[in-house]
Every structure is written in C-alpha cells, then in structure tokens.
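Understanding the architecture of this molecule
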Amino acid sequence: MTGNAFDALLAGVKTFLAGYGGEPARGFIEGIGWSMPPRLLAPRGLPCLAHLGRAAEIAGDDARPLVRLLRDRGHEFHWGQTYTAADFGHNFMDNYGWLEVFGTRGHFANEAMAGGFLILGPHIEYPDHHHVAEELYIPLTGGTAWRMGDGAFQPRAAGEVIHHASSVSHAMRTGSEPLLAFYLWRGGPLAARSTIGSQRA
Ligand SMILES: [Fe+2]
C-alpha cells in the first residue's frame, strides 16, 4: 500500500470499477475523468466506521482490498452525513455515513461525477428518498434489501449493480449485517441533499 491513503483510495476505486463492463455501469464508469486534482480535507470520523471491520469480513474477493483500506485508514478520510437526528433519529445517525472520494466536495475534485461510499449499520432503514442526479450503486456487502419507486424490498447481493434514474425514490433496509456500498452520481447537482419521501419520475 502506498503511504498516501487518498491516492490508494482512488486507485482502489478505479481497480474495483474496472471489473464492471456491462450497462448501465459501463456508461457511468467511462464517464469518470480519473485525472482529478486532490482536495485537502480534514480527517473526520463517524461512529458508523465501527462497521467496517465486519464489512471487510463479508465483502467479496474483488472488493476486499478496498474495504480493508477503508477499515484500516478510514479515520484519515473526511466522512459526512447529510441528515440530522431530526430526520431519522439518533440511532440512524450513529449507523450512517458517507465518504465522497471524488466530486464537488470530496477528496478529489470532479465536477461531472461524484463517487463514494455509504455505510449503514445492521437493522437500519434508510427510508424513501430521491434526488435529481442519476445514481448507480454497487453494494460491497450483501444482506441488504433495496427498493425503488413503489416496488417491494428485494435483497441484493454484493457486487450487484443497482441503477436509480433521476428523481426516482429508493430505500434500503439492512438485516443482521452492515451495508457498505459504492455509489456514483451524475447529471444533477452532485452535492444536493436528497428529498425525503417517495416520488416517481
Ligand atoms: Fe440515492
């Protein structure tokens, strides 16, 4: 591992995404300009980082190096939360957080695409929400149920590709295992707070 955790993180993401060739992932991934200037952000940890140890144990082989990097050096990164306890309660806030690797506010500057990680602890529901940006998710851990629009919650395995079109509501419900997922956002305001509640395009 290189001594620079940020370069290692970006390189790890690039290597991980190289394993995804089918649509719609390919269109997203080919749209990533990898020559991104670094952005200096202060380290900011969150309680949800405690779930990275278990995530590293259950992640698939292709994702394990990346998850281990997050587990071992996660506190060097700048984790964020968009919501407050007023939205979903204190337990949610203790078990939720994201890390923008690249984008308009992440560790690397990219105005066209945002990419990063979401953590949810076990037995957490992230209720219906939506946003203008089109989104791709790849869970690195399995066991979480996902729903889109007014559909039913469906379990999604690690490595599946989940596509949310612009402004389509979606929700996640973890089971006994934590969720670690990689996301990409494009085509909308990349730092927008999601709107809570259901909506279909
Ligand atoms: Fe989303």
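Heads up: the structure comes first, above all this text.
The text that follows walks through the structure, step by step, so that each part is easy to find. (Residues numbered from 1 in each chain as written. Predicted model: local features only at pLDDT ≥ 70, side-chain atom pairs only at ≥ 80, totals over all residues.)

Glancing now at the overall build of the protein. The number of helices and strands found in the protein is six helices and twelve strands. Radius of gyration (C-alpha) of the protein: 15 Å, near the 17 Å computed for a compact globule of 201 residues. Classification of the 201 residues of the protein by burial places 36% in the buried group. Restricting to contacts in the protein with at least 6 residues of sequence separation, those with at least 24 account for 72%. (Helix = DSSP H or I, 4+ residues; strand = E, 2+ residues; numbered from the N terminus. Rg over C-alpha atoms; globule rule 2.2 N^0.38 Å. Buried ≥ 20, exposed ≤ 12 C-beta atoms within 10 Å, placed from the backbone. Contact = placed C-beta atoms within 7 Å.)

Before going further, it helps to examine helix 1 (residues 5–17). The end-to-end C-alpha distance of helix 1, which contains 13 residues, comes to 18 Å, matching closely the 18 Å that a straight helix rising 1.5 Å per residue would cover. Among all positions of helix 1, only Phe6, Leu9, Leu10, Val13 and Leu17 are buried. Taken around the axis of helix 1, the buried residues stretch over an arc of 95 degrees, which confines them to a single face. Buried residues along helix 1 sit in contact with helix 2 (25–30), helix 4 (64–73), strand 2 (96–103), strand 3 (108–109) and strand 4 (113–120). (Expected span 1.5 Å × (residues − 1). Arc of directions from axis to C-beta.)

Another point: the sheet that holds strand 7 (residues 144–148). Within the open sheet, the five strands sit side by side as 8-7-10-5-12. Their pairing is antiparallel. Either end of the sheet is taken by a strand with one partner, and the two such strands are strand 8 (154–156) and strand 12 (195–196). Sheet topology note: the strand 5 (residues 125–130)/strand 12 ladder contains two bridges and is antiparallel. Bridge assignment links histidine 130 to a residue of strand 12, and that residue is threonine 195. (Pairing = 2+ DSSP bridges.)

Take the pairing of strand 11 (residues 179–186) next. Judged by how many residues are buried, strand 11 sits mostly within the fold: eight of eight residues are covered. Of the two faces of strand 11, the one lined by Leu179, Ala181, Tyr183 and Trp185 and the one lined by Leu180, Phe182, Leu184 and Arg186 are each fully buried. Where strand 6 (residues 134–139) meets strand 11, six bridges bridge the pair, whose relative direction is antiparallel. Considered in strand 11, the bridge of glutamate 134 is made with arginine 186.

On to the environment of isoleucine 29, then. One can find isoleucine 29 in helix 2. Using a count of 18 C-beta atoms within 10 Å as the deciding quantity, one classes isoleucine 29 as partly exposed. Between the C-alpha atom of isoleucine 29 and that of alanine 18, which follows or precedes it by eleven residues, the distance is 8.1 Å. Once residues lying within four places of it in the same chain are set aside, the contact partners of isoleucine 29 are Leu17 and Tyr20.

Nonpolar side chains in soluble globular proteins generally cluster together in the buried interior. With 46 residues, the main nonpolar core has Val67, Leu140, Leu180 and Ala181 as its most contacted residues. If you list the elements that add at least two residues to this core, you get helix 1, helix 3 (52–58), helix 4, strand 2, strand 4, strand 6 and strand 11. Setting aside residues up to four positions removed in sequence, alanine 181 forms contacts with Phe117, Leu118, Tyr137, Ile138, Pro139 and Leu140. (Core = buried A, V, L, I, M, F, W, Y, C linked by C-beta atoms within 7 Å.)

At their nearest, the axes of helix 1 and helix 4 sit 9 Å apart, and the two run at 155 degrees to each other. If you check the angle between helix 1 and helix 4, you find them roughly antiparallel. As for the relative orientation of helix 1 and helix 4, their crossing is left-handed in sense. From helix 1, Ala5, Ala8, Leu9, Gly12, Val13 and Phe16 reach across to helix 4, where they touch Pro65, Leu66, Leu69 and Arg73. (Axes fitted to C-alpha atoms, helices over the stretch in contact; angles between N-to-C directions. Parallel < 35°, antiparallel > 145°, perpendicular 65-115°, else oblique. Left-handed = near helix turned anticlockwise from the far one by under 90°.)

In this structure, the amide linkage connecting glutamate 23 to the following residue, proline 24, adopts the cis form with an omega of 5 degrees. Inspection of the secondary structure assignment puts proline 24 in the loop between helix 1 and helix 2. A positive phi is found at histidine 123, a non-glycine position, where the angle reads about 60 degrees. With respect to the helices, strands and loops of the structure, histidine 123 is situated in the loop between strand 4 and strand 5. Using a count of 13 C-beta atoms within 10 Å as the deciding quantity, one classes histidine 123 as partly exposed.

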